[in-house]
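These are the residues of each chain, in order.
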Amino acid sequence: MKNVLVGQSGGPTAVINASLYGVVTEALSHKEDIGHVYGMLHGIEGFLQDRYMDMGAVLSPDELELLKLTPAAYLGSCRYKLPEDLTSPVYKTIFEKFAALDIGYFFYIGGNDSMDTVSKLSRYAAGTDSTIRFIGIPKTIDNDLIQTDHTPGYGSAAKYVASTVREIVLDATVYKQKAVTIIELMGRHAGWLTAASVLARKNPHDNPMLIYLPEAPFEMEQFAHDLQSALEKRNCVIVCVSEGIADRSGTFICEYGDEAAVDNFGHKMLTGCGKVLENFVRNRFGVKVRSVELNVSQRCSGMVASKTDIEEASSAGAAGIKAALSGENGRMIAFVRTSAPGEPYHMECRTVDVNEVCNQEKPVPLEWITKGGSDISDDFAEYALPLIQGEARRIMKDGLPVYLFRDAD
């Protein structure tokens, strides 16, 4: 009998804890194979500092059910990149700590960089004849992991975007004068989240009238032409843009303002393209204009989480345990859409080689980007609508949602 170690990494989502719930509850149901279920506090970085908790001992069945509905990362997250050099002493330290806890199964819930961690640990294990099995559980609102139809977290974030944009459209149209509202959404290189704003439309000619993704080059003069045409059709125009839109030279539009900062992984921290476009529209058109940045609300709003997303996230965690117990190693859980277009939606879990997933990004298909890069096709809506369906059973107190909180570090 071996123990389980599970952690969360990268940016949180509304359903990352549902995946954690799936891992923990499935592991606890295999008492003949699994002893303790340890949770790393703040991912692999916290584990290196001997920070973890015995989840089966600490959380009651009722608290585990509440965990499933709680947004953000209950265990805490990190953005810690393991060395490329597998001879680094950090790996020896990690595996010594694995041995001290008698770890037989390791699960990491996260996105691209988290799958990189699973890849490195599994490759190091293979070189040292370790029997520990490493499984990645996908998570990202960006929906940019390859070899999976979609990722847990995306459906809820897409639902939040579509719902919020629809409400902003209502608010923006209460006045008669010409006005432009620019909504900046998350998405560095992949525009899946911004594409979801098209679901806010009531009809094909409704707002948001213009939608720009980073997969297509963004040019200011073409934007001015697109906006002029839109303003000729209606007084109020809503424009949705990804934070990572860039021109043909690769320069991010946000860099037209202040220089972008860089995070620990070398990624440019992109915010502010909405403000750049707001100033451009004000100076060029002289109309009322405002920019709105939805920011972290896209990933932390549990109140509009998709029931489909919650259940799929949980199934991904449970599938990870089953895969590890069956002998799989160095794999990531992936979703396969088994229903044909026009049929009721159905998805199944499979595993894929994590080494073929990490450090790659899945863009929105170019054929789904229309009208010279300013709109999204119906094919995207057919893809995304099943993922935002259903309402979760809310646990409320005094008019507010009840979530599971861990004591502050």
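Residues numbered from 1 in each chain as written. Predicted model: local features only at pLDDT ≥ 70, side-chain atom pairs only at ≥ 80, totals over all residues. Heavy atoms only, no water.

> Hey, could you run me through the pattern of salt bridges in this one?
Proximity of charged atoms lets side chains of opposite charge pair with each other. Summed over the entire model, instances satisfying the criterion amount to 18 salt bridges. Connected via shared salt-bridge partners are Lys81, Glu84, Asp116 and Lys120. (Salt bridge = Lys/Arg side-chain N within 4 Å of Asp/Glu carboxyl O.)

> Before we go on, may I ask you to explain a negative patch on the surface in this structure?
Together, Glu367, Asp378, Asp379 and Glu382 line one region of the surface with negative charge. Following the sequence through the fold, Glu367 ends up in the loop between strand E13 (347-353) and strand E14 (369-370). (Patch = residues over 30% accessible without salt bridge, like charges linked within 9 Å, V, L, I, M, F, W, Y side chains within 5 Å. Areas by Shrake-Rupley, 256 points an atom, 1.4 Å probe, with all protein chains shown as cover. Lys, Arg positive; Asp, Glu negative; His and termini not counted. Charge placed at Lys NZ, Arg CZ, Asp CG, Glu CD. Helix = DSSP H or I, 4+ residues; strand = E, 2+ residues; numbered from the N terminus.)

> For this particular structure, what's the right way to read the sheet that holds strand E4 (residues 103-110)?
Sheet strands pair by backbone hydrogen bonding; their relative direction is either parallel or antiparallel. Taken together, the seven strands give an open sheet; going across it, the order is E3-E2-E1-E4-E5-E12-E13, and neighbouring strands pair in mixed fashion. The open sheet has two free edges, formed respectively by strand E3 (52-54) and E13, since each of these has just one partner strand. Direction aside, the axes of adjacent strands within the sheet are offset by 30° on average. The pairing of strand E1 (residues 2-8) with E4 spans six bridges and is parallel. In the sheet register, Val6 faces E4, and the bridge partner there is Phe107. Helix H6 (residues 112-127) rests against E4, strand E5 (133-138) and strand E12 (331-337) of the sheet, and its axis sits at about 170° to E5. (Pairing = 2+ DSSP bridges. Axes fitted to C-alpha atoms, helices over the stretch in contact; angles between N-to-C directions. Contact = heavy atoms within 4.5 Å.)

> Quick question: what am I supposed to make of the nonpolar core here?
Across soluble globular proteins, nonpolar side chains show a tendency to be buried alongside one another. Membership of the largest hydrophobic core comes to 39 residues, with the highest contact counts inside it found for Tyr154, Ile183, Trp192, Leu199, Phe380 and Tyr383. When contributions to this core are tallied by element, the ones reaching two or more residues are helix H7 (154-172), strand E6 (179-185), helix H8 (192-195), strand E8 (236-242) and helix H13 (378-384). The dominant element in this core, judged by the number of residues it contributes, is H7, at ten residues. Setting aside its immediate chain neighbours within four residues, Ile183 contacts Val165, Ile168, Ile238, Val239, Cys240, Val241, Val292 and Leu294. (Core = buried A, V, L, I, M, F, W, Y, C linked by side-chain atoms within 4.5 Å. Buried < 20%, exposed > 50% of the residue type's maximum accessible area, 1.4 Å probe, protein only.)

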